[in-house]
Amino acid sequence: MVSPVLLIAVTAWAVAQGLKLLIATAVYRKFDITYLTTGGGMPSSHSALVCATAVSCGMSAGFASPVFAVSAVVAFIVMYDAAHVRRETGEQAKVLNYILHNWEEFKPEDLERDLKELIGHTPLQVAVGSVLGIAVGLLGSFIAFGF
């Protein structure tokens with residue numbers, strides 16, 4: 001049998017990815033199925049996944065348990081990375097893409113595509129993903145563990 005915590009976490013990720021597709025379609029007025037599997041964008045599926053994991057661990061093992069403590073620490077690390085390190089990488093990709101598009105004589109011959117700019121998240125995207133993950137974690141825990 002699969003752990004309810006894992007099912008709750010994957011559900012939060014799937015809901016976030018589905019919302020990401022719907023939001024991107026509404027904002028850009030273009031349906032792009034790749035938003036179901038891509039990183040970056042609103043809401044953060046990384047944040048939803050780790051927050052749902054932490055909340056469901058807390059609900060099942062107790063919020064004073066070492067399991068919850070570890071899952072909460074991992075959640076904070078993932079969210080910090082998403083909002084800072086990965087976002088900065090995306091900003092650097094924008095600059096590099098600008099250089100590649102505007103100075104043809106310096107463009108490397110072996111780079112045939114743009115670098116991916118939508119890598120990280122804004123703090124708002126991380127916050128919305130966190131709230132989504134907490135909500136799915138609570139709802140799933142009430143269903144799975146009968147709280």
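Up top is the structure.
Residues numbered from 1 in each chain as written. Predicted model: local features only at pLDDT ≥ 70, side-chain atom pairs only at ≥ 80, totals over all residues. Heavy atoms only, no water.

*Asks:* Would you mind going over a nonpolar patch on the surface with me for this structure?
*Replies:* A surface patch of nonpolar side chains, about 550 Å² in accessible area, is lined by Val15, Leu19, Leu22, Ile23, Val27 and Tyr28. Of note, tyrosine 28 is situated in helix α1 (residues 4-28). (Patch = residues over 30% accessible without salt bridge, like charges linked within 9 Å, V, L, I, M, F, W, Y side chains within 5 Å. Areas by Shrake-Rupley, 256 points an atom, 1.4 Å probe, with all protein chains shown as cover. Salt bridge = Lys/Arg side-chain N within 4 Å of Asp/Glu carboxyl O. Helix = DSSP H or I, 4+ residues; strand = E, 2+ residues; numbered from the N terminus.)

*Asks:* I keep staring at the packing of helix α2 (residues 45-61) against helix α4 (residues 123-145) and nothing clicks. Help me out?
*Replies:* When two helices pack together, you describe them by how their axes are tilted relative to each other and by the distance separating the axes. Interaxial distance between α2 and α4 falls to 7 Å at its minimum, and their mutual angle equals 35 degrees. The two elements α2 and α4 meet at a crossing, and its hand is right-handed. Contacts from Ser47, Ala48, Cys51, Ala52, Val55, Ser56, Met59 and Ser60 of α2 reach α4 at Val126, Gly129, Ser130, Leu132, Gly133, Ile134, Gly137, Leu138, Ser141, Phe142 and Phe145. A per-class count over the contact of α2 with α4 returns eleven nonpolar, eight polar and no charged. (Axes fitted to C-alpha atoms, helices over the stretch in contact; angles between N-to-C directions. Left-handed = near helix turned anticlockwise from the far one by under 90°. Contact = heavy atoms within 4.5 Å. Nonpolar A, V, L, I, M, F, W, Y, C, P; charged D, E, K, R; others polar.)

*Asks:* What should I look at first to understand unusual backbone geometry in this one?
*Replies:* Trans peptide bonds make up most of the peptide bonds, and negative phi angles are found at most residues other than glycine. In this chain, methionine 42 is followed by proline 43 through a cis amide linkage whose omega measures -10 degrees. The residue proline 43 is located in the loop between α1 and α2 in this model.

*Asks:* Honestly, the side chain of serine 71 in this entry has me stumped. Any pointers?
*Replies:* Relative to the assigned elements, serine 71 resides in helix α3 (residues 66-102). Judged by relative accessible area, which is 10%, serine 71 ranks as buried. Not counting residues within four places of it along the chain, the set of residues in contact with serine 71 comprises Thr53, Ala54 and Cys57. (Buried < 20%, exposed > 50% of the residue type's maximum accessible area, 1.4 Å probe, protein only.)

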